[in-house]
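# A look at the structure
Letter by letter, the chains look like this.
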Amino acid sequence: MTGKLVLENLKHKPMRSLLSILLIGVPVTLILCIVGLSHGMLEDSQQRTRGIGADVVVRPKGSSFLSLSGAPMPQEMVNFLAKQPHVKQAMGAINLGIDGVFLGAAGVDLKAFNEMNGGFRFVEGGPIQQPNEILIDTFYNAQHHRHAGDIVNLFSHDWRVSGITESGKLAHIVFPLNVLQGVSGNPNHVSQIYLRLDDPRNTDAVVKYLKNLLEDYPIYSTEDFASLLNVNNIPALREFLLVIMSIAVIIGFAVVCLSMYMAVLQRTREIGILKSLGASKTFILQIILAEAVLLGIGGTVLGIVMSFGAYWLIQTLVPASFPMVIVKSWWPIAGAITLLGAILGALYPGLSAARHDPIEALSYE
Amino acid sequence: MSSALPNPDLSHPGDIIEIRDLWKIYRVGKVDVPALRGVDLTVKRGEFLAIVGPSGSGKSTLFNIIGGLTPPTTGTVRVADQDLGTLTDAGRTQLRKRTVGFVFQKFNLLPNLTAGDNIAIARYIAGTPLKPSAEFEEVLRLLNIANRLDHKPNALSGGEQQRIAIARAIVNRPAILLADEPTGNLDTENSKAVLEILRDLNERLGQTILMITHNPEAAAYGHQTVHMRDGRIVN
């Protein structure tokens, strides 16, 4: 019977209920988008790292696993590392952020790249033939609508797109190594070096050996490096998510508090009627809280639906800049955060309703 | 009919309401305003009592105290063997659940629920089974509302709403039915119908009824009439 009363109350003012659900849903969408973007970007980086086909990654001195600044490693190191035990192939790469794209551009020796992992798969056009040519991946293509043969202006130069590759390897834009070294002012230097071993089972031993050989250089197995790319290892990302969740709780709290406060005001007389029938304070509070919980559940569901809308928009408009994913494991977390805000928000109006004097409530017009 | 829905209190004949030297003083700002000034009243089980008086005479305050909506300031009020002066807020809530039933001038049905659910929620709050007994079905027929239970209040006439309110008030078989101007919002025909229903409930079921009214014709339906003025009973 309580459920019926609560449902009928929500149906009685559909616009208020729908607006409340919408406003509660917005922070849910916000949480899910932030989480989806963080996970998406990191998963994208993991996939691109694994797609290179190397077993070991050698990074510059003092660099964190997350970022690279310029190309501080001399290219001679590539040949040096290629001569180490169990190393079958070494390949230097230069990485540059470009055009606002996360992990935007990379320069590699395309022959070495093909040897390391079999090369790119082309969905349009073909390999680079001229120094003024570049490759773009399908994400970049979707975002910028460029096709094979089109001209793209980057670093104040015009480049011809020789081909569009399947996404998931290296970067969204690929240059020949020496070309990108030249235009970025880093001749004969690389950002990191990838090693392919004679047998992947030797990875740990080689990493250990190289760490002794090259002190202060961060050296990882590709799997270790990829696994570092998760939310818990990104500085301040957890704190950022906590701030977003706190904002969501506050918004949920404020929306429900305002909505239920209005509802209690509008239903003062009905509360008086329930009290005249012998309804206890607990019963009245229970009705208000149940209504808030229903609004919270509705807001969570709508928020999840809207996160799919945001996902679609991002995938359509800026797939390369923001590789978002839907993180289902966060649905219950977002729901719990919303319900917490809703219950907290309903407490004051609920207690205020429960404390209404029945005579005053009955005479309320 | 009386065998169909026996009044549980008829098995204990005697006074169901005993009021001695009842005072109720409201605090308005910094001023004490006495609404009741030493009221004495006794109501027997099964009695149909009309309380008549002008506005401000204290009859609604008396109604509210007997119904457990507000506590007395001083004096003794016993309702169905319960001393209302000693009841806590929770105790008065219990009293409203099972011992008294209210019928208001403005019907006071919950607008979001159907007529049937308005009756059902009274049973739910009182903790009685939601499905009405066969006896209560008979009362619904007496009230002539059995075919209106699926409608919401805004689809019912004033007379129908008041009959639903009466059904809700007696669904838990309270010892006392308190009716505050039950015909105040009704036309002559519906007023007569409601008053006859109240008289029927009293005569057939032995339902104790206290009815507040301005209308001498309505008061004539009661066994006796008590007049109030300036917070006192004047006859």
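Above this note sits the structure.
These lines cover the structure that appears in this document, whether it is placed above or below.

Criteria and thresholds
Residues numbered from 1 in each chain as written. Chains lettered and ligands numbered in written order. Predicted model: local features only at pLDDT ≥ 70, side-chain atom pairs only at ≥ 80, totals over all residues. Heavy atoms only, no water. Helix = DSSP H or I, 4+ residues; strand = E, 2+ residues; numbered from the N terminus. Rg over C-alpha atoms; globule rule 2.2 N^0.38 Å. Buried < 20%, exposed > 50% of the residue type's maximum accessible area, 1.4 Å probe, protein only. Contact = heavy atoms within 4.5 Å. Areas by Shrake-Rupley, 256 points an atom, 1.4 Å probe, with all protein chains shown as cover. Lys, Arg positive; Asp, Glu negative; His and termini not counted. Charge placed at Lys NZ, Arg CZ, Asp CG, Glu CD. Pairing = 2+ DSSP bridges. 1 Å grid on protein atoms, 1.4 Å probe; cavity = no way out; pocket = protein on both sides within 12 Å on 5 of 7 lines; lining within 4 Å. Points joined across faces, edges and corners; volume = space filled by probe spheres on them. Nonpolar A, V, L, I, M, F, W, Y, C, P; charged D, E, K, R; others polar. Phe/Tyr/Trp six-rings, centres within 6.5 Å; stacked < 30°, edge-to-face > 60°. Core = buried A, V, L, I, M, F, W, Y, C linked by side-chain atoms within 4.5 Å. Buried area = accessible area lost by both parts, 1.4 Å probe. Salt bridge = Lys/Arg side-chain N within 4 Å of Asp/Glu carboxyl O. Polar contact = N/O pair within 3.5 Å; in protein donor to acceptor, adjacent residues only side chain to side chain. Patch = residues over 30% accessible without salt bridge, like charges linked within 9 Å, V, L, I, M, F, W, Y side chains within 5 Å. Expected span 1.5 Å × (residues − 1). Arc of directions from axis to C-beta.

## Structural notes on the overall build of chain B
Each helix and strand in chain B was counted, giving seven helices and 10 strands. Relative to its length of 235 residues, chain B is compact, with a C-alpha radius of gyration of 17 Å against a globular reference of 18 Å. The dimensions of chain B, computed from C-alpha atoms along their principal axes, are 50 × 35 × 35 Å. Split into buried and exposed, the 235 residues of chain B put 55% on the buried side.

## Overview of the overall build of chain A
In terms of helices and strands, chain A carries 13 helices and 12 strands. Taking 2.2 N^0.38 as the reference for a compact globule, 365 residues should give roughly 21 Å; the C-alpha atoms of chain A span a radius of gyration of 29 Å, well beyond that estimate. In terms of overall dimensions, chain A has a C-alpha envelope of 90 × 45 × 30 Å along the principal axes. Of the contacts made within chain A by residues no fewer than 6 positions apart, 80% connect residues no fewer than 24 positions apart. Accessible area for chain A stands at about 16,400 Å²; split by element, carbon and sulfur atoms hold 61% of it. With 26 positive and 27 negative side-chain charges, chain A shows a spacing of 7 Å between the two charge centroids.

## Some thoughts on the pairing of strand β9 (residues 224-229) of chain B
Residue and element names in this part refer to chain B. In this sheet, β9 lies alongside strand β3 (residues 48-52) in parallel orientation, the contact comprising four bridges. Looking at the pairing, Val52 lines up with His227 of β9. Judged from the two bridges that link them, β9 and strand β10 (residues 232-233) form a sheet pairing that is antiparallel. Within β10, the residue paired with Arg229 across the bridge is Arg232.

## A look at the sheet that holds strand β5 (residues 82-83) of chain B
All names here are of chain B. Sheet architecture is open: four strands sit in the order β2-β1-β4-β5, paired in antiparallel fashion. Either end of the sheet is taken by a strand with one partner, and the two such strands are β2 (31-44) and β5. In the sheet, strand β1 (residues 15-28) pairs with β2 via 11 bridges, with the strands oriented antiparallel. In the strand pairing of β2, Glu18 is matched with Thr42.

## As for empty space enclosed by the protein
Think of a ball as big as a water molecule: rolled over the atoms, this probe shows where empty space is left. Summed over the entire model, instances satisfying the criterion amount to four cavities of 30 Å³ or more. Along its surface, the largest cavity is lined by Leu5(A), Asn9(A), Arg267(A), Glu270(A), Ile271(A), Leu274(A), Ile284(A), Ile287(A), Ile288(A), Leu110(B), Pro111(B) and Asn112(B). Elements supplying a minimum of two residues to the lining of the largest cavity: α1 (2-12), α10 (268-276) and α11 (281-317) of chain A. In terms of residue class, the lining of the largest cavity is made up of eight nonpolar, two polar and two charged.

## Quick notes on the sheet that holds β9(B)
Pairing between sheet strands relies on hydrogen bonds along the backbone, with the strands arranged either parallel or antiparallel. Ordered in space as β6-β7-β8-β3-β9-β10 (chain B), the six strands form an open sheet in which the pairing is mixed. Looking at strand neighbours, the two that pair on one side only are β6 (100-103) and β10 of chain B, the edges of this open sheet.

## Examining the packing of aromatic side chains
Residue and element names in this part refer to chain A. In the structure shown here, the tally under the stated rule is nine aromatic pairs over all chains. Arranged with centres 6.0 Å apart and planes meeting at 65 degrees, the rings of Phe308 and Trp331 form a pair that is edge-to-face. Here Phe308, found in helix α11, pairs with Trp331, found in helix α12 (residues 331-354); they are 23 residues apart in sequence, far enough to count as distant. Given a relative accessible area of 24%, Trp331 falls into the partly exposed group.

## A few points about the nonpolar core
Membership of the largest hydrophobic core comes to 100 residues, with the highest contact counts inside it found for Leu274(A), Ile19(B), Leu62(B), Ile121(B), Ile176(B), Leu210(B) and Met211(B). Look past the residues within four positions of Leu274(A) in its chain and what remains in contact with it is Leu5(A), Ala279(A), Phe283(A), Ile284(A), Ile287(A), Leu110(B), Ile121(B) and Ile125(B). Core analysis: the next-biggest nonpolar cluster, separate from the first, contains 36 residues, Val58(A), Val78(A), Leu177(A) and Ile219(A) among them.

## What about the interface of chain B and chain A?
Each partner contributes residues to the interface: chain B has 24 residues there, and chain A has 23 residues. Buried area between chain B and chain A, both sides added, is near 2,300 Å², and the carbon and sulfur share of it is 64%. Our enumeration of links across chain B and chain A arrives at three salt bridges. Between Glu8(A) and Lys152(B) there is a salt bridge, and its shortest N-O distance comes to 2.9 Å. Here chain B is connected to chain A by seven residue pairs in polar contact (both at pLDDT 80 or more). Contributions of two or more residues to the side of chain B that touches chain A are made by α2 (89-98) and α3 (115-126) of chain B. Broken down by element, the residue count for the side of chain B that touches chain A peaks at six residues, all from α3(B). Here the residues of the side of chain B that touches chain A are counted per class, giving 12 nonpolar, five polar and seven charged.

## Quick notes on a nonpolar patch on the surface
Residue and element names in this part refer to chain A. Side chains of Phe253, Leu340, Ile343, Leu344, Leu347 and Leu351 sit close together on the surface and give an oily, nonpolar patch of about 460 Å² of accessible area. Broken down by element, the nonpolar patch gets its largest block of residues, five residues, from α12. Given a relative accessible area of 38%, Leu344 falls into the partly exposed group.

## Focus: the side chain of Ser191(A)
Residue and element names in this part refer to chain A. Along the polypeptide, Ser191 turns up in the loop between β10 (189-190) and β11 (192-197). Under the relative-accessibility criterion, Ser191 is labelled buried at 0%. One polar contact links the side chain of Ser191 to the main-chain amide nitrogen of Asn95, over a distance of 2.9 Å.

## Describing helix α6 (residues 188-205) of chain B
All names here are of chain B. For α6, which comprises 18 residues, the first-to-last C-alpha distance of 25 Å matches the rise-based estimate of 26 Å (1.5 Å per residue) to within 8%. Those residues of α6 that fall on the buried side of the exposure criterion are Ser191, Val194, Leu195, Ile197, Leu198, Leu201, Asn202 and Leu205. Taken down its axis, α6 places every buried residue within 150 degrees of arc, on the same side. When the buried face of α6 is taken as reference, the exposed residues oriented beyond 90 degrees from it are Thr188, Glu189 and Glu203. Among the structural elements, β3, α4 (134-143), α5 (158-170), β7 (176-180), β8 (208-213) and α7 (216-219) are those in contact with the buried residues of α6. After α6 finishes, the residue Gly206 shows a positive phi value of roughly 75 degrees.

## Comments concerning the environment of Leu32(A)
All names here are of chain A. With respect to the element layout, Leu32 can be found in helix α2 (residues 14-51). Sequence separation between Leu32 and Lys83 is 51 residues; the distance between their C-alpha atoms is 47 Å. Among residues more than four places away in sequence, those in contact with Leu32 are Gly303, Ile304, Ser307, Met324, Trp330, Trp331 and Ala334.

## Details of helix α4 (residues 110-117) of chain A
Since the α-helix packs 3.6 residues into each turn, any two residues three or four apart lie on the same face. Residue and element names in this part refer to chain A. For α4, the full list of buried residues reads Leu110, Ala112, Phe113, Met116 and Asn117. Within α4, the buried residues cover an arc of 155 degrees as seen down the axis, which keeps them to one side. Looking at α4, the residues exposed on the side facing more than 90 degrees away from the buried face are Lys111 and Glu115. Structurally, the start of α4 carries an N-cap: the backbone nitrogen of Lys111 is 3.0 Å from a side-chain oxygen of Asp109. At the exit of α4 stands Gly118, carrying a positive phi of roughly 90 degrees.

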